[in-house]
Amino acid sequence: MIGLLCVGCAAEVAPCSGLLHEHVSSPATPTADAWLVDGFGRAHPVRASGTRIGRKLDGELALLHGSVSREHVELARAAEGWHVRDRGSRNGTRIDGKRVLGRAALVAPAVLAVGEVKLWFVEAVPPVAGAAAGTATTHGVAMDDLRFTLRREARELCVLVAGDGASGGAVLYREEASASWSEIGLSPLELHLLRILCHRAVVDADSPSPSRGCVPTRQLVQSLPFQSAYADEENVRQVVRRLRTALASVDFAGVVDGVQGRGYFVSWSVTAT
């Protein structure tokens, strides 16, 4: 199984070149009128009143891929059933391989191709044991598995890693030692990147270089668990930007720094326990 898909169904909508797990996003909701399941096995909600798909980030389903137009296609249900309306996209929309010219009926199950990105259209999805479709949890990590503590003045970040890091983790923060901890929501890739940078910072702690602990971008391409064989240095830069944005959202900017053309490092002091 790949998420909600069997191996055969997953092959039908295998991620196209350049598409990563983080490039497909949708609002979190436990219910929907229908679902679109991506090649990573995650289900995305579709509303009968209308769901837009496109590269534009404020769409109901965002597909960050060059073959997808900003506002590519819309799905909705009328009295006669579900239909698809292509919104004048550059690379077109297809249902089970047949190009949509304007508006077309959509009968589940079907493979919907939005540009080069393929999705299964279904009206029901099975429950996933242990987690909701399309989500990843960082809660429930044992505090004594592994801990990196980042400090600057009275501010602290705590990176918790369960086991070898593959089974989960969390990032906590507080403004001063007496304050209670709060959690920062990070994707698995962002958490993994921060863990790698923290580990290198500890290993290189005795280096006099101001960029000690710098991990080459090319090494991060190989080390981060991208779900695509086509990941490159630009994909790493995207993860770094998202990590910086997440940290800055809780006023912890400047934690991750970089050396142009070389790589990235943690600029705060780091200890491991």
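What comes next concerns the included structure. All values derive from a computational prediction rather than experimental measurement.

About the cut-offs
- Residues numbered from 1 in each chain as written.
- Predicted model: local features only at pLDDT ≥ 70, side-chain atom pairs only at ≥ 80, totals over all residues.
- Heavy atoms only, no water.
- Helix = DSSP H or I, 4+ residues; strand = E, 2+ residues; numbered from the N terminus.
- Expected span 1.5 Å × (residues − 1).
- Buried < 20%, exposed > 50% of the residue type's maximum accessible area, 1.4 Å probe, protein only.
- Polar contact = N/O pair within 3.5 Å; in protein donor to acceptor, adjacent residues only side chain to side chain.
- Pairing = 2+ DSSP bridges.
- Contact = heavy atoms within 4.5 Å.
- Axes fitted to C-alpha atoms, helices over the stretch in contact; angles between N-to-C directions.
- Salt bridge = Lys/Arg side-chain N within 4 Å of Asp/Glu carboxyl O.
- Core = buried A, V, L, I, M, F, W, Y, C linked by side-chain atoms within 4.5 Å.

1. Some points on helix H4 (residues 233-248)
- The end-to-end C-alpha distance of H4, which contains 16 residues, comes to 22 Å, matching closely the 22 Å that a straight helix rising 1.5 Å per residue would cover.
- All buried positions along H4 are accounted for by Asn235, Val236, Gln238, Val239, Val240, Leu243, Ala246 and Leu247.
- Backbone nitrogen of Glu234 and a side-chain oxygen of the N-cap are separated by 3.1 Å at the start of H4; the cap is Asp232.

2. Describing the sheet that holds strand E18 (residues 256-259)
- Ordered in space as E17-E19-E18, the three strands form an open sheet in which the pairing is antiparallel. At either end of the open sheet lies a strand with only one pairing partner, and these are strand E17 (215-216) and E18.
- Pairing analysis gives four bridges linking E18 to strand E19 (residues 263-266), with the strands arranged antiparallel. In the strand pairing of E19, Asp257 is matched with Phe265.
- Helix H2 (residues 188-203) rests against E17, E18 and E19 of the sheet, and its axis sits at about 75 degrees to E19.
- Each of E18 and E19 touches H4; the most contacted strand, E18, lies at about 145 degrees to it.

3. Here's the deal with the pattern of salt bridges
- All chains considered together, the criterion is met by 15 salt bridges.
- Residue Arg103 is joined to Glu80 by a salt bridge in which the shortest nitrogen-to-oxygen separation is 3.4 Å. Here Glu80 lies in the loop between strand E6 (73-78) and strand E7 (81-86) and Arg103 lies in strand E10 (residues 103-105), a separation of 23 residues in the sequence.
- For Glu80, a relative accessible area of 62% translates into the label exposed.

4. Observations regarding unusual backbone geometry
- Following Ala108, the chain continues into Pro109 via a peptide bond in cis, with omega recorded as -5 degrees.
- Summarising the element assignment, Pro109 is placed in the loop between E10 and strand E11 (110-114).
- In this model, Asp96 sits at a positive phi of 50 degrees, which is unusual for a non-glycine residue.
- On the secondary structure map, Asp96 appears in the loop between strand E8 (93-95) and strand E9 (98-99).
- Positive phi, normally seen in glycine, also occurs at Glu153, with a value near 55 degrees.
- Examined against the element boundaries, Glu153 turns out to sit in the loop between strand E13 (147-152) and strand E14 (155-161).

5. A closer look at the sheet that holds strand E5 (residues 61-63)
- Spatially, E1-E5-E4-E6-E7-E10 is the arrangement adopted by the six strands of the open sheet, whose pairing is mixed. The strands lining the two open edges of the sheet, one partner per strand, are strand E1 (24-25) and E10.
- In this structure, strand E4 (residues 51-54) lies alongside E6, joined through three bridges in antiparallel fashion. When the bridges of E6 are listed, Ile53 appears paired with Val73.

6. Structural notes on the nonpolar core
- By size, the foremost hydrophobic cluster in this structure holds 37 residues, and its most contacted members are Leu150, Leu157, Ile184, Leu194, Val255, Val256 and Val266.
- Mapped by element, the contributors of at least two residues to this core are E13, E14, strand E15 (169-174), H2, helix H3 (217-223), H4 and E19.
- Apart from residues no more than four positions distant in its own chain, Leu194 is found in contact with Val159, Val171, Leu186, Leu243, Val256 and Val266.
- Core analysis: the second largest hydrophobic core is formed by 25 residues, Ala34, Val73, Val100 and Ala110 among them.

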